[in-house]
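Summary of the model geometry
So you can see what is in the structure, the chains are spelled out below.
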Amino acid sequence: RIEEIQTRVTPELPSSITATLRPYQLTGFHFLAYLTANRFGGVLADDMGLGKTLQTLAWIAWLRAEQNITEPILVVCPKSVQDNWRAEVERFCPTLRVEVWNRTNAGKTGVKGDADILVIHYPHLRLHEDLLCSLTWGAVILDEAQAIKNPSAQSTKAACALNARHRLALTGTPIENRLLDLWSIFAFAMPGG
């Protein structure tokens, strides 16, 4: 497999992205495309406010346009940033249909082809584990992935059990207390690796 590694993966920014990426954001998008081209999961660890969501949206648009990913994308994030994900999708990639689970629609929408991106929070991952694990996702993205730093926690086990073609962890603090935090995130991103 080492002979198949593609070292230079620099696709054009998808036309559906309505933003101009800064040079470091474009590099981040190329990094995500490189991971995909080589069948790796990944971790995008960057400081808060530098555009991890935008880089991820560019990657999602590329997955759908160039990699023929048709399954929905699952984003798991803290409840406090769910609405930010919706706003960023609507602002930077308005061609994608986004659904955000809340108290009234959790488990009912976004899972039957009625959304391109489903945004849930970590308690939903635990509460609806059976449903979410029964589906195939084009990609699973964990935002604030330090939420799965404990490998024996139910959220971590549920995240690792998800069936996804691609996996990505986003975090500004990959190590909060100990090296095991980072191991847990990579165990999600690269299962069996």
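Summary of the structure given here. Owing to the predicted nature of the structure, the values given are computational and were not obtained by experimental measurement. (Residues numbered from 1 in each chain as written. Predicted model: local features only at pLDDT ≥ 70, side-chain atom pairs only at ≥ 80, totals over all residues. Heavy atoms only, no water.)

Some details on the overall build of the protein
Counting its regular elements, the protein contains seven helices and eight strands. A globule of 193 residues ought to have a C-alpha radius of gyration of about 16 Å, and the protein, at 16 Å, matches this closely. The dimensions of the protein, computed from C-alpha atoms along their principal axes, are 40 × 35 × 30 Å. Relative to its full complement of 193 residues, the protein shows a buried share of 48%. A separation of at least 24 residues holds for 71% of the contacts in the protein among residues at least 6 apart in sequence. (Helix = DSSP H or I, 4+ residues; strand = E, 2+ residues; numbered from the N terminus. Rg over C-alpha atoms; globule rule 2.2 N^0.38 Å. Buried < 20%, exposed > 50% of the residue type's maximum accessible area, 1.4 Å probe, protein only. Contact = heavy atoms within 4.5 Å.)

Observations regarding unusual backbone geometry
The residue Asn-68 is not glycine, and still its phi comes out positive at about 55°. Of note, Glu-144 is a non-glycine position whose phi angle comes to about 55°, a positive value. Positionally, Glu-144 belongs in the loop between strand 6 (139-143) and helix 6 (154-161). Relative accessible area serves as the criterion here: at 27%, Glu-144 is assigned to the partly exposed category.

Side note on the pattern of salt bridges
Scanning the model with the defined rule gives three salt bridges in all. Measuring nitrogen to oxygen at the nearest pair gives 3.0 Å for the salt bridge that ties Asp-116 to Arg-64. Note that Asp-116 is positioned in the loop between strand 3 (98-100) and strand 4 (117-121) and Arg-64 in helix 2 (residues 52-66), a separation of 52 residues in sequence. Note that Arg-165 and Glu-71 form a salt bridge whose closest N and O atoms lie 3.1 Å from each other. Here the residue Arg-165 occupies a position in the loop between strand 7 (163-164) and strand 8 (167-171), and Glu-71 occupies one in the loop between helix 2 and strand 2 (73-77), the gap between them amounting to 94 residues. For Glu-71, a relative accessible area of 18% translates into the label buried. Through salt bridges that share partners, Arg-64, Arg-97 and Asp-116 make up one connected network. (Salt bridge = Lys/Arg side-chain N within 4 Å of Asp/Glu carboxyl O.)

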